[in-house]
Amino acid sequence: MAAAGTAVAALVSAAPATSAAASARHPADARTTLAAPDISVANVKAHLTQLQSIATANGGNRAHGRSGYKASLDYIKGKLDAAGYTTTVQQFTSGGATGYNLIADWPGGDTNNVVFSGAHLDSVTAGPGINDNGSGSAGILETALTVARQGAKPTKHLRFAWWGAEERGMVGSTYYINNLPSSERAKIDGYLNFDMIGSPNPGYFVYDDDPGIESVFKAFFSAKGVPTEIETEGDGRSDHAPFKNKGIPVGGLFSGADYIKTAAQAQKWGGTSGQAFDRCYHRSCDTSGNIDDTALDRNSDAIAYAVWSLGGA
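Residues numbered from 1 in each chain as written. Predicted model: local features only at pLDDT ≥ 70, side-chain atom pairs only at ≥ 80, totals over all residues. Heavy atoms only, no water.

**Let's talk about the packing of aromatic side chains**
- Summed over all chains, the structure comprises 20 aromatic pairs.
- Ring plane angle 5° and centroid distance 4.0 Å describe the contact between Y191 and F243, whose orientation is recorded as stacked. Taken as a pair, Y191 in strand 5 (residues 188-194) and F243 in helix 7 (residues 240-245) lie far apart in primary sequence, 52 residues in all. F243 shares its class with Y191; the two are buried.
- Taken together, the aromatic side chains of Y204, F205, F220, F221, F254, W269, F277 and Y305 make up a single cluster linked through ring pairs.
- The positively charged end of R159 is found above the aromatic ring belonging to F116, 5.6 Å away from the centroid. (Phe/Tyr/Trp six-rings, centres within 6.5 Å; stacked < 30°, edge-to-face > 60°. Helix = DSSP H or I, 4+ residues; strand = E, 2+ residues; numbered from the N terminus. Buried < 20%, exposed > 50% of the residue type's maximum accessible area, 1.4 Å probe, protein only. Lys NZ or Arg CZ within 6 Å of the ring centre and 35° of its normal.)

**With respect to the UniProt feature "domain: Peptidase M28" (unreviewed entry) in the protein**
- According to UniProt, the "domain: Peptidase M28" (unreviewed entry) feature falls on residues 101-306.
- What you have in residues 101-306 is 35% helix and 19% strand, and the ends, taken at the C-alpha atoms, are 23 Å apart. (UniProt positions renumbered as here; feature names shortened; annotations may be inferred.)

**Some details on the state of the cysteines**
- Enumeration over the complete set of coordinates arrives at one disulfide.
- The disulfide partner of C280 is C285, and the gap between their sulfur atoms is 2.1 Å. Negative torsions about the S-S bond denote left-handed disulfides, and the value of about -115° found for C280 with C285 makes this one left-handed.
- C280 gets classed as buried once you look at its relative accessible area, which sits at 13%.
- Of the residues examined, C285 reaches a relative accessible area of 26% and is grouped as partly exposed. (Disulfide = S-S within 2.5 Å.)

**Examining the environment of S273**
- When you line up the elements, S273 lands in the loop between helix 8 (263-269) and helix 9 (293-311).
- With a relative accessible area of 37%, S273 lands in the partly exposed category.
- Each C-alpha atom, one on S273 and one on A165, is 32 Å from the other, the two residues being 108 residues apart in sequence.
- Those residues within four positions of S273 in sequence are excluded, and the remaining contacts are K261, T262, A263 and A266. (Contact = heavy atoms within 4.5 Å.)

**Thoughts on the nonpolar core**
- Membership of the largest hydrophobic core comes to 62 residues, with the highest contact counts inside it found for L80, Y85, W162 and F217.
- Not counting residues up to four positions away in its chain, the partners in contact with L80 are Y85, T87, L102, A104, L141, A144, L145 and W162.
- In terms of nonpolar packing, the next biggest core, distinct from the first, is built from 13 residues, W163, Y176, I248 and V250 among them. (Core = buried A, V, L, I, M, F, W, Y, C linked by side-chain atoms within 4.5 Å.)

What follows is the structure, given as structure tokens:
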């Protein structure tokens, strides 16, 4: 998640990623034809192990313009290509360095109605960024791979994205949406953002931007007996913001960054009051040891629940 107050860097070059055909945006009205799957947290953690290994082999980070970022993108692209996704790598320039977005489309579904899930793939230069945001990146990757394993035939078209240079001010996602024609933007029924979903002292926060999308996530957690709160810490600080600014319905999940967990929050969620949700936020200690497995598991399952529910999978 980008630090507050970071300016959006200048954007240059690259062809816009392709989409599909005209719109009706009612994200809450999609039917669920099959029960959403239980996402394997072991598989999600295996992706995080790979991202940690990539960071370790590339100077300790996966930041924009560094070799660890491109290696992370190549890892995810390889998994998606093998699973049958149509992938597009979109280039942009920020801070004098080339950045990359990875877009993956699952074949089929009504291309006039796109359910879009995204997460930023870059870390800060200070560390490997395994919670911020390996966690969201791995969660949507395993959801996408589960779509493929199950041979899902959703009613709507499913798209996933891994954004570059979020830590520089949502640069990659801003570039993508600014270069997507308005006719293509109108086909996006909803954009779901997942930035930090495995915080070690977790909270369970749901974006309140679009009521329909919000209700889907709240229904999932309510069924699990997990109380939620409205997400406020990341407002305007992650990749949903450029989509929201274009009038696209947005929603998402968050497990907390450097805000402090209150006694009341510790009472309902466990963990330690008086400490940050993630004490390693934007630090070198944001490693594969900086993850709460329960939060990662619940939030990954919630991603799948939303994709299946909103996409009619």
